[in-house]
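# Fold and geometry: a report
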Amino acid sequence: MNNLEQVAEEATKKFPHYRTYAKCQSQAFMKGILTFFAGFAGSYLAQEFVRKRRLIGGIDRKVILLSSLLIGAAGSYATTRHETKNCQEMWLVLEDKYTNLTPGGGRLKQVSETESESER
């Protein structure tokens, strides 16, 4: 555990907003896990309701479980991917790498222009 804290301290020295990014990533993963359980439970209950009411006949329980797992996993993946992308963009903005107004290459161009002007 101590080694993990040392790694976090070294990262914080190099990147001042590392802890904010780590907290955001932790929340993104928790949202993904909760989305998985909610998607699984919701789709399972809906399919069980349909099966018990015999609105659609012949649905096997294995099919219900498998489809519920797939729905939960797909929702979890989409949520985690979206939230992770948001965390990455937030970290780049906090570290002043780029903003929506000056994405990646534009920011580097501005920095090089400013450096060349200061050399004059």
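Residues numbered from 1 in each chain as written. Predicted model: local features only at pLDDT ≥ 70, side-chain atom pairs only at ≥ 80, totals over all residues. Heavy atoms only, no water.

### Some details on the nonpolar core
Grouped together as the largest cluster of nonpolar side chains are 5 residues: Tyr21, Cys24, Ala28, Cys87 and Trp91. Mapped by element, the contributors of at least two residues to this core are helix H2 (18–52) and helix H3 (61–94). By residue number, the principal contributor to this core is H2, which donates 3 residues. Among all residues touching alanine 28, those that are not within four sequence positions of it are Thr80, Glu83, Thr84 and Cys87. (Core = buried A, V, L, I, M, F, W, Y, C linked by side-chain atoms within 4.5 Å. Buried < 20%, exposed > 50% of the residue type's maximum accessible area, 1.4 Å probe, protein only. Helix = DSSP H or I, 4+ residues; strand = E, 2+ residues; numbered from the N terminus. Contact = heavy atoms within 4.5 Å.)

### Re the state of the cysteines
With the rule as written, the count across this model stands at 1 disulfide. Covalently, cysteine 24 is tied to cysteine 87 through a disulfide, its sulfur atoms 2.0 Å apart. Between cysteine 24 and cysteine 87, the S-S dihedral sits near -85°, and the bridge is therefore left-handed. Of this pair, cysteine 24 sits in helix H2 while cysteine 87 sits in helix H3, and the two are 63 residues apart along the sequence. The pair cysteine 24 / cysteine 87 is uniform in exposure class, with both members buried. (Disulfide = S-S within 2.5 Å.)

### What to know about the pattern of salt bridges
Per the counting criterion, the structure on display carries 5 salt bridges. For arginine 51, the salt bridge identified is with glutamate 48, shortest N-O distance 3.2 Å. Placement of both arginine 51 and glutamate 48 in helix H2 is noted, with a separation of 3 residues, approximately one turn of the helix. With a relative accessible area of 23%, arginine 51 lands in the partly exposed category. For glutamate 48, a relative accessible area of 7% translates into the label buried. Here glutamate 48 and arginine 61 are joined by a salt bridge, their closest N and O atoms 3.8 Å apart. Highlighted residues: glutamate 48 in helix H2 and arginine 61 in helix H3, separated in sequence by 13 residues. Since its relative accessible area comes to 42%, arginine 61 is described here as partly exposed. Because the salt bridges share partners, they merge into one network encompassing Glu48, Arg51 and Arg61. (Salt bridge = Lys/Arg side-chain N within 4 Å of Asp/Glu carboxyl O.)

### Section: the side chain of glutamine 47
Considering the arrangement of structural elements, one finds glutamine 47 in helix H2. A polar side-chain atom of glutamine 47 sits 2.8 Å from a polar atom in the side chain of serine 67. The contacts of glutamine 47, once residues within four sequence positions are left out, are Val63, Ile64, Ser67, Ser68 and Ile71. (Polar contact = N/O pair within 3.5 Å; in protein donor to acceptor, adjacent residues only side chain to side chain.)

### Focus on H2
The first and last C-alpha atoms of H2 sit 51 Å apart over 35 residues, in line with the 51 Å expected at 1.5 Å per residue. Taken together, the buried positions of H2 are occupied by Tyr21, Cys24, Gln25, Ala28, Gly32, Ser43, Gln47 and Glu48. The elements touched by buried residues of H2 are H3. Backbone geometry just after H2 places arginine 54 at a positive phi near 55°. (Expected span 1.5 Å × (residues − 1).)

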